[in-house]
Amino acid sequence: MLRLALLTCLLWSALATPIIWDGRAPFNLTDADLNTSTGPFLTVVKGSENATHYSRLLGHAKRPTPLWNQALVLPHEQVVSVTINNSSVFVAGGGPPQFGFRRTDIIAAVNGEHTELITRMEQNKTIFHVSIQKDELRPLNYSHEYQIVFIEPNDGSHVFEIQLGSPFTDPTGSLPAQDAHSFKIRDHALNVLYTTPFTSAAWHNFAVEVDWNNRTLAVWYSQDAELLRLVKSTTPNPTAAAGPDGQGDFHFTVLKLPIVNPADSPADQSDVVHHGIQEGTVEGLLYSGVFVESAAHGISRGFGVTEQV
């Protein structure tokens, strides 16, 4: 039976679509690698402490999504824990500290290099995979908005994003929002393409298909060991810029937006990056199954199954 399973694994590997970037953290990836951005992750968008103060590799202590790990008989990756606390204030490029946000971002890279990778990941049609699970010991505060997975061009917009919590509004509306505990997959113009509850004790598997030439998106989703299924067919993403202006880093993160502080001036109340209320609590998410593939041979749905797109 074991021999059959190994042969099946080899067959599935042979059928897989071309992987452009693989963020499924191997077991030989270390804390030192996180701190120096060695390997598949760039870890500079964080607070003032070392990267491992905010992000951890969980080794064999936590099982990853089964989709790419042969039903967990032979896991190939370790789960990545991403957390924030009150020190998670990023200072971007010599600018003022982003006191409005609390954030820890992991960015797709190869030994710290990400510019050339962007070009390879973001041409023709490519698919961005990620699996997300609650960190039950470090719960989110769903009265806030969290932008947790996105591609960010230089203008600060997002080609697409996965969002949780209550959207930031000025003035603040009723909190938490009715759909605060659901994932929202949003396009560049922040239209919701798909939503699903963020339930506990489950891996939520997403794949976002991006056609860079035609500027369209499609969304695939499943839980745990279910094969990915199409939940939002190809839809235009016309407000995203074409060409290099529409390309950017691929992030998976805990990025927590503030709530408007009534004591701030009207100008500061609308400055979401630098002002607002943050509680400073320790919060986190768990990630696995993060990779980018070419759609030239279809989409990987899990367990070696592919489908043309």
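None of these values were measured; they are calculated from a predicted model.

## Points about the overall build of the protein chain
Here is step 1 of the chain: Scanning the protein chain from N- to C-terminus turns up four helices and 17 strands.
Here is step 2 of the chain: For the protein chain, whose C-alpha radius of gyration is 19 Å, the value lies close to the compact-globule estimate of 19 Å for 309 residues.
Here is step 3 of the chain: The principal-axis extents of the C-alpha atoms in the protein chain amount to approximately 65 × 40 × 35 Å.
Here is step 4 of the chain: Relative to its 309 residues, the protein chain shows a buried fraction of 53%.
Here is step 5 of the chain: For the protein chain, the proportion of contacts with a sequence separation of at least 24, taken over those separated by at least 6, is 65%.

## Section: unusual backbone geometry
Here is step 1 of the chain: Cis rather than trans, the peptide bond between Asp-170 and Pro-171 has omega equal to 10°.
Here is step 2 of the chain: Cis rather than trans, the peptide bond between Leu-175 and Pro-176 has omega equal to -10°.
Here is step 3 of the chain: In this fold, Pro-176 is placed in the loop between strand E8 (160-165) and strand E9 (182-187).
Here is step 4 of the chain: Here the phi dihedral of Leu-190 falls at roughly 70°; this positive angle occurs in a residue that is not glycine.
Here is step 5 of the chain: Looking at the secondary structure, you find Leu-190 in the loop between E9 and strand E10 (192-197).

## Section: the confidence of the model for the protein chain
Caution applies to low-pLDDT parts of the model: their predicted coordinates are not meant to be read in detail.
Here is step 1 of the chain: Across the protein chain, pLDDT averages 93, with 94% of residues at or above 70.
Here is step 2 of the chain: A low-confidence stretch, residues 1-15 stays under pLDDT 50, and its non-local contacts, those more than four residues away or across chains, total seven contacts.

## Focus: the packing of aromatic side chains
Here is step 1 of the chain: The tally for this structure, following the rule as stated, stands at 12 aromatic pairs.
Here is step 2 of the chain: Plain terms: the ring middles of Trp-21 and Phe-41 are 6.3 Å apart, the flat faces sit at 65° to each other, and that makes the pair edge-to-face. Pair noted here: Trp-21 is in strand E1 (residues 19-22) and Phe-41 is in strand E2 (residues 41-42), with a separation of 20 residues, a long-range link. Comparing Trp-21 with Phe-41 shows no difference in burial state: the two are buried.
Here is step 3 of the chain: Where Phe-183 meets Phe-198, the ring centres are 4.5 Å apart and the plane angle is 50°; that geometry is what we call tilted. On the criterion of sequence distance, the pair formed by Phe-183 in strand E9 and Phe-198 in the loop between E10 and strand E11 (204-211) is long-range, its members being 15 residues apart.
Here is step 4 of the chain: The exposure class assigned to Phe-183 is buried, which follows from its relative accessible area of 0%.
Here is step 5 of the chain: Note on Phe-198: relative accessible area 3%, which makes it buried.
Here is step 6 of the chain: The ring of Phe-291 carries the charged tip of Arg-24 above its face, separated from the ring centre by 4.1 Å.
Here is step 7 of the chain: Seen from the ring of Phe-198, Lys-134 lies directly overhead, with NZ or CZ sitting 5.5 Å from the centre.

## A look at the nonpolar core
Here is step 1 of the chain: Trp-21, Ile-132, Ile-148, Val-149, Phe-250, Phe-252 and Tyr-287 are the most contacted members of the largest nonpolar core, which totals 48 residues.
Here is step 2 of the chain: Beyond its immediate stretch of four places on either side in the chain, Val-149 contacts Val-130, Ile-132, Phe-160, Glu-161, Ile-162, Phe-250, His-251, Phe-252, Thr-253 and Tyr-287.
Here is step 3 of the chain: Leu-228, Phe-291, Ile-299 and Phe-303 belong to the second-largest nonpolar core, a separate cluster that totals 10 residues.

## Digging into the layout of surface pockets
Here is step 1 of the chain: Volume-wise, the largest pocket comes out at about 650 Å³.
Here is step 2 of the chain: Lining the largest pocket are 30 residues; nearest its centre among them are Glu-152, Pro-153, Asp-155, Gly-156 and Ser-157.
Here is step 3 of the chain: Where the lining of the largest pocket is concerned, the elements lending two or more residues are helix H3 (115-121), strand E7 (145-153) and strand E14 (248-256).
Here is step 4 of the chain: Along the lines of polarity and charge, the residues of the lining of the largest pocket split into 10 nonpolar, 12 polar and eight charged.

## Focus: the environment of Ser-48
Here is step 1 of the chain: Inspection of the secondary structure assignment puts Ser-48 in the loop between E2 and strand E3 (55-57).
Here is step 2 of the chain: Considered as a pair, Ser-48 and Trp-220 are 172 residues apart in the sequence and their alpha carbons are 36 Å apart.
Here is step 3 of the chain: Not counting residues within four places of it along the chain, the set of residues in contact with Ser-48 comprises Tyr-54 and Ser-87.

## Quick notes on the sheet that holds E7
Here is step 1 of the chain: Taken together, the seven strands give an open sheet; going across it, the order is E2-E5-E14-E7-E8-E9-E10, and neighbouring strands pair in antiparallel fashion. Strands at the two margins of the open sheet, each flanked by one partner only, are E2 and E10.
Here is step 2 of the chain: Relative to E10, E9 is paired through five bridges, and the arrangement is antiparallel. Looking at E10, one finds that Ile-185 is bridged to Tyr-194.

## Thoughts on the pattern of salt bridges
Here is step 1 of the chain: Throughout the structure, instances matching the rule amount to 12 salt bridges.
Here is step 2 of the chain: In this structure, Arg-186 engages Glu-145 in a salt bridge whose closest nitrogen and oxygen atoms are separated by 2.9 Å. Placement of the pair is Arg-186 in strand E9 and Glu-145 in strand E7, with a sequence separation of 41 residues. Each of the two residues, Arg-186 as well as Glu-145, counts as buried.

## Section: the environment of Gln-147
Here is step 1 of the chain: Here Gln-147 is to be found in strand E7.
Here is step 2 of the chain: Distance from Gln-147 to Phe-198, taken between C-alpha atoms, is 14 Å for residues 51 residues apart in sequence.
Here is step 3 of the chain: When residues no more than four places from it in sequence are discounted, the contact partners of Gln-147 are His-158, Glu-161, Ile-162, Arg-186, Thr-253, Leu-255 and Leu-257.
Here is step 4 of the chain: Side chain to side chain, Gln-147 and Glu-145 meet in a polar contact 3.1 Å long.

About the thresholds
Counting restarts for each chain: residues are numbered from 1 in the order of the written sequence. This being a predicted model, a pLDDT of at least 70 is required before a residue's local features are given, and a value of 80 or more before pairs of side-chain atoms are given or counted; all residues contribute to the totals for chains, interfaces and linings. No hydrogens and no water enter the side-chain calculation; it runs on all heavy atoms of the structure. In DSSP terms, a helix is any run of H or I states spanning at least four residues, a strand is any run of E spanning at least two, and both are numbered starting from the N terminus. Radius of gyration means the value over C-alpha atoms here, while the globule rule gives 2.2 Å times the residue count to the 0.38 power. Burial here depends on accessible area, computed with a 1.4 Å probe over protein chains only, as a share of the maximum for the residue type. Under 20% is buried, over 50% is exposed, and the range in between is partly exposed. Working rule for contacts: check all heavy atoms of both residues, and any pair within 4.5 Å makes them a contact. For every residue, the pLDDT score states the predictor's confidence, bounded by 0 at the bottom and 100 at the top. Side-chain rings of Phe, Tyr and Trp, where Trp is taken by its six-membered ring, are said to pair if the distance between their centres is within 6.5 Å; with planes under 30 degrees apart they count as stacked, over 60 as edge-to-face, and otherwise as tilted. By definition here, charges over rings are those cases where NZ of Lys or CZ of Arg is within 6 Å of the ring centre and within 35 degrees of the ring normal. Nine residue types can take part in a nonpolar core, namely buried Ala, Val, Leu, Ile, Met, Phe, Trp, Tyr and Cys, and a core is a set of them joined through side-chain atoms within 4.5 Å. Points on a 1 Å grid over protein atoms alone make up a cavity when a 1.4 Å probe fits among them but cannot get out, and a pocket when they form an open set with protein on both sides within 12 Å along at least five of seven lines; lining residues each have an atom within 4 Å of a point. Grid points are joined across faces, edges and corners, and a volume is the space filled by probe spheres set on the points. Here the term charged refers only to Asp, Glu, Lys and Arg, the term nonpolar to Ala, Val, Leu, Ile, Met, Phe, Trp, Tyr, Cys and Pro, and the term polar to all other amino acids, Gly among them. Between any two strands, pairing holds if DSSP finds at least two bridges. A pairing counts as a salt bridge when a side-chain nitrogen of Lys or Arg comes within 4 Å of a carboxyl oxygen of Asp or Glu. Nitrogen and oxygen atoms within 3.5 Å of one another constitute a polar contact, given that in protein one can donate a hydrogen and the other can accept it, and given that sequence-neighbouring residues count only through two side-chain atoms.

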